[in-house]
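# Residue-level structure breakdown
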Amino acid sequence: MLFSLERFPANRSLKDQCSLPWGGVIRPLHPLSDVMDLPPTQQTSLSNQNASSASTTSSRRTDTPHAQLLALCTSCGAAINPFVEFESSQWICSLCQHHNTITGNSRYASVMTRARLTELTSPFFDYSADLEVSPEQSTIPGSVPLGDSRMDIPTYIALVDLTGGESYIDLVISGLLALLEGLPKYGRFGIVTASQNSVGIFDITSPYPHYKAVAAREEGSTTVTSLMLHEVIPFSRMTASIASYSDQMSNSIESLRSLISSTPTCAPAFGPALKSLISTISLHGPCSVRVLTFLSGPPSFGVGVLRPVQLSNGSGLAPTCSFYQEQAREAAKFCACIDLIIVSDGFVGLPTLRFLAELTGGIIRVYSPASPEGSLPHDLYQWCSHQHSFRGEMKILTSSSLKVLNTTGSISRGSSDTTCSITGGDPYQCITVTFDYISSFISEEKPVVQVLYTYWSTGFSDEDPAGRLRKRLRVYTRRVDMCTSSRDLYQSCNPDVVVNLLSHKIMRVSLEQGLSEARLLIQDFLVLLFANYVESITTTQGAQRALDLSFPLSPSLRTLPPLVFGLLKSPLMGTDAITPDTWIYYHSLCSSLPSELLHILLYPTLSVFDAQGALISSSVSLSCSSLDINEPQVFVLDALTKAFVISVGDVCCMGTNGTALADAVASLVHNRPCVTSVITFQRPTSDSSTFLPILEYLIEDENSRGMSYQQFTSFIGTEVIKVTHH
């Protein structure tokens, strides 16, 4: 949990004066190992270990309780944490100051015992919440509700469009085989297909591929299947245990090749197939299902038909029908998560289809049919290796002087902005939150923010030999220092989080008001920030008003203008050359990325290494002039979805093992939500034209996406002078 301002403004007036967004980015399923393996200083940035006792008592931590034994405040519902105070037989909530009674047999009754309790020494912890403790053992008022006694099993269903032709289906088959290899063996798997005018289903338990097709027919303006899927093949044979039927599943996947038409139609009955599948899932009540849809083109038969549109100032970003939103809400109601895996260079209809992923916690991935053969299989196998969550519920609590203004991400809203449902999750999924003060009251107490996240996870199989889903509870608690001056507030800024919050806002504006309005919002943000910075900082220093866009008095702000510039030149702010599908894909990617990865996507990193593989610089200017050298060197440009390794002269572009260059190249494919396409080429020392493939990523130069960085800063400076002299 990272904040845009690591020290909160003391009041609303100071917040408004600084012109910076106030909020944070939450990664509900952030890997525990990443937190525990980091140095203490970085652990603090992740979970704000402000309690000094945490470091002194960590070596004595021995008691991690079942979640049911964790005390909750009977007033606000916050979990007990390192920042509460104890007074006689009560503990005082650090958020609402309510006094909670401690009974004689409570785990908190003994002062000596408290020093060993995880929840009182660590602001970040993850507990089991399964039904492992009898109701009689829980004597704490307001304790965490028990988990369902049913041990759940994750189910994965592939919904495959069969109308894309041989090269498409070969890529899908290789991807499905990699998926099957990577999925947990205790899970269940099934296959449903969408053909030109029918919906297909496999009996996945059959010793040989057993496939039945159900005709789709049109009735008025809607398309329905003549039979429900479960009436054709029972759900118990439509999906089955991977461990018991992996060979049969592989054979069924391979048989998809024989089901495609000799003439690709790119007109799948996707709508009817999806509706039938969700209806079948709904008959089994809330369960943990992940539907991976593979599409080669737009749904083109019956209900949910999509037609091509052009992007014109954002007008082509609006959905053309409500069918997929309705299906997404129905799927989320029954805890089914839907992923969209697109294999196409043409129109698919993502502005309308995107809701299937966004409202259910799914992902969107787009591949070209000409993509390297291993990209899709490698992506799916890597995706399987991540921890996944199902049926998540998140609650964001704050001190009584604060309030949550808004939350955004792949969530379904609860009864208020402080609660939301996360149907499906992974370690890279991010939720943004913005704050405000309830009044202009200045609190002397340090504000506290707490996130309670309950979920069912596939990542704790060591606790259960059967490897079934386990219910968990995560608690993040942060107590934050406050500042009373503009200079201190600017110094506490985290530019990566600021741009993350800003990108979510401009994406919402683009969808609602158009791209032109979004571009103006970005420019106005930076102009107002500079203007208010000039007013507050130079006045504070008692110096003559001066405009310095490098923020000499606030070093933490120096990377903010380049990031905002990168956002302005990104595909999100693209011209008419950007298709609606491309825009929505980037929208989905940016919405789900952690701040540090969004930084790379918006403002690529360019590093240079010498002929021996030693690092010369890791922050080379993104300009053609930086590459105009004649010495043997290697450049590595990382743009997240793509990376380029360019050698100049007679140099090994991958470097030898153990060198900084080799490590840098190897790191390009790790710790990312999708596989980075690494492109290598060699440029003769006398020919700079071979840098053409990366020109669009050299954003500091003027190009088709807009002005140069120098022109941008000059423009902003001129606008700031107008504002400050107004």
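Our subject is the structure that appears above.
My aim in this report is to walk through the structure given alongside it, one point at a time.

Attention now moves to the packing of helix 12 (residues 323-333) against helix 13 (residues 350-358). Following both chains from N to C, one finds helix 12 and helix 13 inclined at 5°, their axes separated by 8 Å at the closest point. When the interaxial angle is binned, helix 12 and helix 13 end up roughly parallel. Where helix 12 abuts helix 13, its residues Y324, Q325, Q327 and A328 lie against T352, L353, F355 and L356. For the contact of helix 12 with helix 13, the class distribution of residues is five nonpolar, three polar and no charged.

Take Q711: it is sitting in helix 23 (residues 709-724). Residues Q711 and D701, 10 residues apart in the sequence, show an inter-C-alpha distance of 9.3 Å. Among the polar contacts listed, one links the side chain of Q711 to the side chain of E702, at a separation of 3.5 Å.

Mapped onto the fold, T193 is located in strand 9 (residues 188-194). Exposure remark for T193: the relative accessible area of 0% places this residue in the buried category. At 2.7 Å, the side chain of T193 forms a polar contact with the side chain of Y211. Those residues within four positions of T193 in sequence are excluded, and the remaining contacts are L159, V160, L162, S198, V199, G200, F202, Y211, L256 and A273.

The final tally for this structure, using the stated rule, is 16 salt bridges. A salt bridge links D126 to R472, with the nearest nitrogen and oxygen atoms 2.7 Å apart. Of this pair, D126 sits in strand 7 (residues 124-128) while R472 sits in strand 23 (residues 470-479), and the two are 346 residues apart along the sequence. Exposure remark for D126: the relative accessible area of 10% places this residue in the buried category. Measuring nitrogen to oxygen at the nearest pair gives 2.8 Å for the salt bridge that ties D481 to K446. Taken together, the residues D481 in the loop between strand 23 and strand 24 (482-483) and K446 in the loop between strand 21 (431-437) and strand 22 (448-457) connect sequence positions 35 residues apart. Accessibility expressed as a relative area gives 34% for D481, which makes it partly exposed. For K446, a relative accessible area of 43% gives the class partly exposed. Through salt bridges with shared partners, a single ionic network connects D126, R472 and R474.

What counts and what doesn't
- Residues numbered from 1 in each chain as written.
- Predicted model: local features only at pLDDT ≥ 70, side-chain atom pairs only at ≥ 80, totals over all residues.
- Heavy atoms only, no water.
- Axes fitted to C-alpha atoms, helices over the stretch in contact; angles between N-to-C directions.
- Helix = DSSP H or I, 4+ residues; strand = E, 2+ residues; numbered from the N terminus.
- Parallel < 35°, antiparallel > 145°, perpendicular 65-115°, else oblique.
- Contact = heavy atoms within 4.5 Å.
- Nonpolar A, V, L, I, M, F, W, Y, C, P; charged D, E, K, R; others polar.
- Polar contact = N/O pair within 3.5 Å; in protein donor to acceptor, adjacent residues only side chain to side chain.
- Buried < 20%, exposed > 50% of the residue type's maximum accessible area, 1.4 Å probe, protein only.
- Salt bridge = Lys/Arg side-chain N within 4 Å of Asp/Glu carboxyl O.

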